[in-house]
Amino acid sequence: MDDNAVCGLETGSILRDLGYQVVSLYDAAGAFEALAADQPLLALVTDVDLGPGPDGFDIARAARVSYPDLPVVYISGTASARHVAEGVPGSEFVAKPCNPADIAGALTRALGRIAA
């Protein structure tokens, strides 16, 4: 999820190229709706800064209520210092600007934690 549609499309495209099924969302309201739909999730990749209102940290905490072991990857150009204090346990953080390998590596590490 990314509030910037271009960045979100790029991240979604990268993950699709890696074989993941992706649901692209662009705001917190859409994310909360998707969580309420109670569809199975493999992982959450989210920007931290989503504009006014809830942020990616809030989305991940809400997702972990329904999916306690959900792998989470945060992406942000501004929130690296906040990740330790506000990120969900076991999450990954990728600083923007990032490349496809950064996102893929973080997601692989996050998914590996639940497989172990």
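Treat the numbers as computed from the prediction; the structure is a model and nothing was measured.

**Overview of the sheet that holds strand 1 (residues 44-47)**
For step 1, the next point in the chain: Strands sit in the order 1-2-3 across an open sheet of three strands; the sheet is parallel. Every interior strand has two partners, whereas the edge strands, strand 1 and strand 3 (92-95), have only one. Strand-to-strand twist in this sheet, taken as the mean axis angle between neighbours without regard to direction, amounts to 20°.

**Some remarks on the pattern of salt bridges**
Any two side chains of opposite charge can pair if their charged atoms end up close together.
For step 1, the next point in the chain: This structure, assessed with the given rule, holds five salt bridges.
For step 2, the next point in the chain: Of the charged contacts in the structure, one is a salt bridge between Asp 55 and Arg 82, with a shortest N-O distance of 2.7 Å. Here the residue Asp 55 occupies a position in the loop between strand 1 and helix 3 (56-66), and Arg 82 occupies one in helix 4 (residues 80-86), the gap between them amounting to 27 residues.
For step 3, the next point in the chain: Its salt-bridge partner being Glu 92, residue Arg 109 comes within 3.0 Å of it at the nearest N-O pair. Of the two residues, Arg 109 is situated in helix 5 (residues 100-115) and Glu 92 in strand 3; the sequence distance between them amounts to 17 residues.
For step 4, the next point in the chain: On the basis of relative accessible area, Arg 109 is assigned to the partly exposed category, the value being 44%.

**Considering the pairing of strand 2 (residues 72-76)**
For step 1, the next point in the chain: Within strand 2, five of the five residues are buried, leaving the element largely enclosed by the surrounding structure.
For step 2, the next point in the chain: Burial along strand 2 is two-sided: Val 72, Tyr 74 and Ser 76 facing one way and Val 73 and Ile 75 facing the other are all buried.
For step 3, the next point in the chain: As paired strands, strand 1 and strand 2 are joined by four bridges and run parallel to one another. Across the sheet, residue Thr 46 finds its bridge partner in strand 2, namely Tyr 74.
For step 4, the next point in the chain: Relative to strand 3, strand 2 runs parallel, the two sharing four bridges. Across the sheet, the residue bridging to Ile 75 is Val 94, located in strand 3.
For step 5, the next point in the chain: The parallel pair strand 2 and strand 3, bridged by helix 4, forms a crossover whose chirality is right-handed.

**Things to note about the confidence of the model for the chain**
For step 1, the next point in the chain: When pLDDT is averaged along the chain, the result is 85; 89% of the residues meet or exceed 70.
For step 2, the next point in the chain: Mean pLDDT across the elements of the chain ranges from a minimum in helix 1 (residues 5-17), with 68, to a maximum in helix 3, with 95.
For step 3, the next point in the chain: Throughout residues 1-6 the model reports pLDDT below 50, and contacts reaching past four residues in sequence, or to other chains, amount to 23 contacts.

About the cut-offs
Residues numbered from 1 in each chain as written. Predicted model: local features only at pLDDT ≥ 70, side-chain atom pairs only at ≥ 80, totals over all residues. Heavy atoms only, no water. Pairing = 2+ DSSP bridges. Helix = DSSP H or I, 4+ residues; strand = E, 2+ residues; numbered from the N terminus. Axes fitted to C-alpha atoms, helices over the stretch in contact; angles between N-to-C directions. Salt bridge = Lys/Arg side-chain N within 4 Å of Asp/Glu carboxyl O. Buried < 20%, exposed > 50% of the residue type's maximum accessible area, 1.4 Å probe, protein only. Right-handed = clockwise from strand over helix to strand, strands pointing away. pLDDT = per-residue confidence, 0-100. Contact = heavy atoms within 4.5 Å.

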